[in-house]
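Here is how the chains run, residue by residue.
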Amino acid sequence: MSEPYYQDDLVTLYHGDCLEITEWLAADVLVTDPPYGIGWTRGVTKSAKGPRRHIPNAGIQNDNDTIARDDALGAWGSKPALVFGSLRAEYPDGWLRMLVFQKPLHSGLFGNRMPWRTDWEPIFVLGEWPDQTPVHSAVIRTSEVAASGYSGYSTRAGHSHAKPDDVMMRLIETCPPGVIADPFAGSGSTLLAARNAGRQAIGVELEERYCEL
């Protein structure tokens, strides 16, 4: 059994590889933002803002392909799951529905020379969900005004791939009862949202600098 990196009455966080640390597999619902498989990186730009504006961003580990994501989903099995993804990467096997994470107004400008902003991401619904009357929109919007910059949610979180807290809260509100798992915890947005909803959560994060957050 692995020793937690952090633990309180609702949240347990492990530092390491989620395929080696398996405690998260005992949870009931998966809500995660895994490596997409797009090899995203970003150099320094003159217009960048924020405390890390002069530091190139090398992206996250295991993002050159979808192997880490797919292996984790294979281990998770048929239990309910919400998994963020990218339209530029292979979709996970067996997805049932695609929800839309609508990003803040001015997202998706950099590196884009077409009329449409890249301002949304898919959220894949997988696994076996309980039968219920649909009452939630499939478009999940945030009240945040920016992702980056001095006041952006990813800047505040200290992680370039962080998701807004209100988006994670809305997703968790739609989940069946039980413990939430996030084997790619990153800055901890899923764990924080679960705790704020009064739910137990188990996370695993490969990079210790993000465990510290």
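Structure: above.
Residues numbered from 1 in each chain as written. Predicted model: local features only at pLDDT ≥ 70, side-chain atom pairs only at ≥ 80, totals over all residues. Heavy atoms only, no water.

S.K.: Any chance you could break down the sheet that holds strand 6 (residues 120–126) for me, citing the residues and the numbers?
M.R.: Taken in spatial order, the 9 strands line up as 1-2-9-8-3-4-6-5-7 in an open sheet, and their pairing is mixed. The outermost strands of the open sheet, each flanked by one partner alone, are strand 1 (6–7) and strand 7 (139–141). Sheet topology note: the strand 3 (residues 29–32)/strand 4 (residues 81–84) ladder contains 3 bridges and is parallel. Residue V31 lies in a different strand from strand 4, and its bridge partner there is L82. Together, strand 3, strand 4, strand 6 and strand 8 (180–182) form the strand contacts of helix 1 (residues 67–76), whose direction differs from that of strand 3 by roughly 165 degrees. Most of the contacts of helix 3 (residues 165–173) go to strand 7, to which it runs at about 140 degrees, and overall it touches strand 3, strand 4, strand 5 (97–102), strand 6 and strand 7. (Pairing = 2+ DSSP bridges. Helix = DSSP H or I, 4+ residues; strand = E, 2+ residues; numbered from the N terminus. Contact = heavy atoms within 4.5 Å. Axes fitted to C-alpha atoms, helices over the stretch in contact; angles between N-to-C directions.)

S.K.: So, the side chain of E205: which residues are in play, and what are the values?
M.R.: Relative to the helices and strands, E205 resides in strand 9 (residues 201–205). The buried charged residue E205 lacks any salt bridge partner; its closest oppositely charged side chain belongs to R209, at an N-O distance of 7.2 Å. Within the local environment of E205, its side chain forms a polar contact with the backbone nitrogen of G186, the two atoms lying 2.7 Å apart. With residues up to four places along the chain from it excluded, the contact list for E205 reads L13, Y14, H15, G16, F184, A185, G186, Y210 and C211. (Buried < 20%, exposed > 50% of the residue type's maximum accessible area, 1.4 Å probe, protein only. Lys, Arg positive; Asp, Glu negative; His and termini not counted. Salt bridge = Lys/Arg side-chain N within 4 Å of Asp/Glu carboxyl O. Polar contact = N/O pair within 3.5 Å; in protein donor to acceptor, adjacent residues only side chain to side chain.)

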